[in-house]
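Observations on the model geometry
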Amino acid sequence: MKDEDLLLNRKTNFPEIMCIAEAAAYLTISKYFLYTLVKGGFVPYAKIGKRIVFRQKDLFDWIGNNVVQPVHSMDDEVEDDFEK
């Protein structure tokens, strides 16, 4: 299965509005860690009464906004090895 197919499958198998357990599964992290992210104000969420919910789109965008760009490229590493 291609990466694009996996991503599409992941987006369509989760509801648009998720509870903590669904959101943790979507992010592939534990519920405990997701609660930690919520408490620290690191992840977007909404409250309905006492219940915490997450929009799939917000989580997807949040992940995209937190991508760490590589410092080095593989080409640089390969060229360095050949120069030695």
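Above this text you will find the structure in question.
Let us look at the structure shown here. This one's a predicted model, so the numbers in the text were calculated from it and none came from an experiment. (Residues numbered from 1 in each chain as written. Predicted model: local features only at pLDDT ≥ 70, side-chain atom pairs only at ≥ 80, totals over all residues. Heavy atoms only, no water.)

1. Observations concerning the sheet that holds strand E2 (residues 46–48)
The 3 strands lie next to each other as E1-E3-E2, forming an open sheet whose pairing is antiparallel. The open sheet has two edge strands, strand E1 (17–18) and E2, and neither has a second partner. Bridge count between E2 and strand E3 (residues 51–55): 3 bridges; the pairing is antiparallel. Within the sheet, the bridge partner assigned to Ile 48 lies in E3 and is Arg 51. (Pairing = 2+ DSSP bridges. Helix = DSSP H or I, 4+ residues; strand = E, 2+ residues; numbered from the N terminus.)

2. Details of helix H3 (residues 31–39)
For an α-helix the count is 3.6 residues per turn, leaving residues at separations of three or four pointing the same way. Looking only at H3, the buried set comprises Leu 34, Leu 37 and Val 38. The buried residues of H3 all sit within an arc of 100° when viewed along its axis, so they share a single face. The exposed residues of H3 that point more than 90 degrees off its buried face are Tyr 32 and Lys 39. Where H3 is buried, its residues meet helix H2 (20–27), E3 and helix H4 (56–65). (Buried < 20%, exposed > 50% of the residue type's maximum accessible area, 1.4 Å probe, protein only. Arc of directions from axis to C-beta. Contact = heavy atoms within 4.5 Å.)

3. Some words on the packing of H2 against H3
At a minimum axis separation of 9 Å, H2 and H3 run at an interaxial angle of 100°. In terms of orientation, H2 and H3 fall into the roughly perpendicular class. Along the contact surface, H2 presents Ile 20, Ala 21, Ala 23, Ala 24 and Leu 27, while H3 presents Lys 31, Leu 34 and Tyr 35. Residues belonging to the contact of H2 with H3 are distributed by class as follows: 7 nonpolar, no polar and 1 charged. (Axes fitted to C-alpha atoms, helices over the stretch in contact; angles between N-to-C directions. Parallel < 35°, antiparallel > 145°, perpendicular 65-115°, else oblique. Nonpolar A, V, L, I, M, F, W, Y, C, P; charged D, E, K, R; others polar.)

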